[in-house]
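Each chain, written out:
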Amino acid sequence: RYTDQLLSFEEIVCPVMVSADVEPVYSSYVIRSPHRDKLAEWLKNAKIECMIHWPTPNHKQPVLADYQFQLPVTEQLSKEILSLPIYPEMSDKQVDYVVESIKGFLDQAL
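Figured I'd write up the structure that's included with this text. (Residues numbered from 1 in each chain as written. Predicted model: local features only at pLDDT ≥ 70, side-chain atom pairs only at ≥ 80, totals over all residues. Heavy atoms only, no water.)

## Comments concerning the pattern of salt bridges
Then, number 1: Enumeration over the complete set of coordinates arrives at six salt bridges.
Then, number 2: Its salt-bridge partner being D92, residue R1 comes within 3.6 Å of it at the nearest N-O pair. Residue R1 is located in the segment before α1 (2-6), and its partner D92 is located in helix α4 (residues 92-109); the two are separated by 91 residues in the primary sequence.
Then, number 3: With a relative accessible area of 46%, D92 lands in the partly exposed category.
Then, number 4: Between D107 and K103 there is a salt bridge whose closest N-O contact spans 3.0 Å. Separated by four residues within a single helix, D107 and K103 lie in helix α4, roughly one turn from each other.
Then, number 5: On the accessibility criterion, K103 (35% relative accessible area) is partly exposed. (Salt bridge = Lys/Arg side-chain N within 4 Å of Asp/Glu carboxyl O. Helix = DSSP H or I, 4+ residues; strand = E, 2+ residues; numbered from the N terminus. Buried < 20%, exposed > 50% of the residue type's maximum accessible area, 1.4 Å probe, protein only.)

Structure, rendered in structure tokens:
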């Protein structure tokens with residue numbers, strides 16, 4: 001439901017379907033937006049819990065500091081990803097509210 005409604009938003013990148021004959025079961029639904037931090041704040045103000053998972057890429061964690069990896073795409077993605085609420089009991093109405101809130105942000109911010 002998220003994907004069907006969010007695909008029309010230019011500023012949002014949805015998870016990619018690998019194959020049309022597969023139906024994913026999401027434990028998290030992670031979108032990308034160049035306006036991630038402002039979008040997260042907007043959603044939290046709308047009482048929508050969202051999370052920024054992996055704010056620091058794995059290769060930048062202290063345990064790997066000696067290796068000096070350069071992964072610019074990973075670093076950029078870590079600044080753009082946002083996990084939207086998703087759980088088995090989430091209703092269509094709740095998903096629609098999240099999507100409408102994202103739309104409201106995009107209309108307001110851009």
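Alright, that's what it looks like, and here's the rest.
## Description of the state of the cysteines
Then, number 1: Within the structure shown, the criterion is met by zero disulfides.
Then, number 2: No disulfide involves C14; its sulfur sits 15 Å from that of C50, the nearest cysteine.
Then, number 3: Here C14 falls in the buried class, since its relative accessible area comes to 8%. (Disulfide = S-S within 2.5 Å.)

## Here we look at the packing of aromatic side chains
Then, number 1: Applying the stated rule across the entire model yields four aromatic pairs.
Then, number 2: Centroid distance Y67 to F69: 5.9 Å. Interplanar angle 20 degrees. Geometry classified as stacked.
Then, number 3: Accessibility expressed as a relative area gives 56% for Y67, which makes it exposed.
Then, number 4: Put simply, the rings of Y2, Y26 and Y29 touch in pairs and so form one group of aromatic residues. (Phe/Tyr/Trp six-rings, centres within 6.5 Å; stacked < 30°, edge-to-face > 60°.)

## Considerations on the pairing of strand β2 (residues 81-84)
Then, number 1: A two-sided burial pattern is seen for β2, the buried positions comprising I81 and S83 on one face and L82 and L84 on the other.
Then, number 2: Relative to β2, strand β1 (residues 29-32) runs antiparallel, the two being bridged by four bridges. Its bridge partner being in β2, V30 is matched across the sheet by S83. (Pairing = 2+ DSSP bridges.)

## Regarding the nonpolar core
Then, number 1: Ranked by size, the top nonpolar core spans 22 residues in total, and within it Y2, L6, I12, I31, L84 and I102 carry the most contacts.
Then, number 2: Listing elements by their share of this core, those giving two or more residues are α1, β1, α2 (36-45), β2 and α4.
Then, number 3: Of all the elements, α4 adds the most residues to this core, at six residues.
Then, number 4: When sequence neighbours within four positions are dropped, the list of residues in contact with I12 reads L6, I31, R32, S33, L39, I102 and L106. (Core = buried A, V, L, I, M, F, W, Y, C linked by side-chain atoms within 4.5 Å. Contact = heavy atoms within 4.5 Å.)

## Notes on the packing of α2 against α4
Then, number 1: Close contact between α2 and α4 brings their axes to 10 Å; oriented N to C, the two are set at 125 degrees. Classed by the angle they form, the pair α2 and α4 counts as oblique. Judged by the sense of rotation from one axis to the other, the crossing of α2 with α4 is right-handed. Taken together, the residues of α4 that come into contact with α2 (itself represented by K38, L39, W42 and L43) are V98, S101, I102, G104, F105 and Q108. (Axes fitted to C-alpha atoms, helices over the stretch in contact; angles between N-to-C directions. Parallel < 35°, antiparallel > 145°, perpendicular 65-115°, else oblique. Left-handed = near helix turned anticlockwise from the far one by under 90°.)

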